[in-house]
Amino acid sequence: MTTPVEGLHVAVRQERPIPLAATLACAAGETLALVGPSGSGKSTILRAIAGIYTPHSGRIDAGGETWLDTGAGVRRPARQRSVGFVFQNYALFPHLNALDNVIQAMGHVPPAERRERALRLLERTNLGGLEDRRPARLSGGQQQRVAVARALARDPKVLLLDEPFSAVDQVTREKLYEELATLRRDLRIPIILVTHALDEASMLADRMCILHRGSTLQADTPFGVMARPASPLVARLVGVKNIFAASVAGHDEERRLTHIRWFGTTLEAGHAPQFAVGARVAWSIPASHIVLHRRDRPSRGERENPVFGQIVRCVPMGEMTAVALRVVAGERTDIFFSVPTHVARRNGLAPGETARVSLLADGIHLMPAPPPPPALPRQP
């Protein structure tokens, strides 16, 4: 058996009942967000780390200890893993007050020290003065804070957060975001956050791990995943709407650019020499790299990859207006972006009107083209 290393390292695999082929790592002091659709294995991985679920094969190292190594026969039970777990529904004991809920997690602490330590944790999570209240007399945000305090009471080597903000309103959620961001600066342990919300992952996590059907597809910073998805599937899973197919027309080594052909238009993209000339590729661009040409005052930046089309959607959404521009009629060429509502009005944007945008080259990201669908069998 190899020597365990610091931080958290997880590699789990099984075919059934829940398919898993996941590998992830989280350093001490780092927050890693697990992101993916329902059924992608996020909560199952958390349960495997905590020891309340055992995959068919794999290895889990945490804080210099090996918690699971199926090849060597190591299966440390949950009670022997220093894990703090904040469940989606908080799982507080309804008959105990906030203080006693926290004390319940202190079996490793001498009895004489438990009350004072629990009070300090409640104060640290902004619950000072509420220690005598039972969960039914606490708001959703206060219950979440008790759950965090209880998780920290275990002196964990890993902190697991399973969609901890889903049960509170938006105002409370934003306060809890700030509190968690402040708290994590003092915690030198790996934190794993499961969330469906991409904006939540982007705000709170150092890195994101994209999961699909139990497999890890990509792990990178939130910006890296959004701007440079590893595949069209990852792009779709993180909400990128502008995903298209093209072919590589050539490479400009001197200018560090790659040219692609897209429905008769040649576009400049960031240099991607790994794709051969003539190869089919997928490409994406975030809405932040799409610039609307102003009707009254053109700018130099509008010379970069100008594209002309017809507006097929223009929906005001408060201060911003969502726009879809169709470049080629009858083809999947709708480009989605948003502009301030006052800009949309000033430029006369409306369904049926024409408009021109620039696709900034440093935002065009090339990916391997997905394999074609299997051919249908011929009918006899």
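Before reading further, recall that the structure is shown in the block above.
Chemist: Sorry, what's going on with the overall build of the chain here?
Modeler: The secondary structure content of the chain amounts to nine helices and 21 strands. Sequence separation of 24 or more characterises 65% of the internal contacts of the chain that already satisfy a separation of 6 or more. Of the roughly 19300 Å² of accessible surface on the chain, 52% is carried by carbon and sulfur atoms.

Chemist: I tried to follow the layout of surface pockets on my own but got confused; where do I start?
Modeler: In this approach the atoms are scanned with a rolling probe the size of a water molecule, which exposes any empty space left behind. The space that makes up the largest pocket amounts to roughly 490 Å³. Looking at the largest pocket, it is lined by 19 residues, and the ones nearest its centre are Arg236, Ile243, Phe244, Ala245 and Arg332. Among the secondary structure elements, those contributing two or more residues to the lining of the largest pocket are α8 (232-237), β12 (243-252), β15 (280-284) and β19 (334-340). When the residues that make up the lining of the largest pocket are grouped by side-chain class, the tally is twelve nonpolar, one polar and six charged.

Chemist: Just to check I follow, could you spell out the pairing of strand β4 (residues 57-62) for this structure?
Modeler: On any regular strand, side chains alternate: one points to one face of the sheet, the next to the other face. The element β4 is largely enclosed, with a buried count of five among its six residues. Bridge count for strand β1 (residues 8-14) against β4 is six bridges, and the pairing is antiparallel. When the sheet's bridge partners are listed, leucine 8 is paired in β4 with alanine 62. Bridge analysis of β4 against strand β5 (residues 65-69) gives four bridges, and the strand direction is antiparallel. From the neighbouring strand, arginine 59 faces β5, where its bridge partner is aspartate 69.

Thresholds, definitions, all that
Residues numbered from 1 in each chain as written. Predicted model: local features only at pLDDT ≥ 70, side-chain atom pairs only at ≥ 80, totals over all residues. Heavy atoms only, no water. Helix = DSSP H or I, 4+ residues; strand = E, 2+ residues; numbered from the N terminus. Contact = heavy atoms within 4.5 Å. Areas by Shrake-Rupley, 256 points an atom, 1.4 Å probe, with all protein chains shown as cover. 1 Å grid on protein atoms, 1.4 Å probe; cavity = no way out; pocket = protein on both sides within 12 Å on 5 of 7 lines; lining within 4 Å. Points joined across faces, edges and corners; volume = space filled by probe spheres on them. Nonpolar A, V, L, I, M, F, W, Y, C, P; charged D, E, K, R; others polar. Buried < 20%, exposed > 50% of the residue type's maximum accessible area, 1.4 Å probe, protein only. Pairing = 2+ DSSP bridges.

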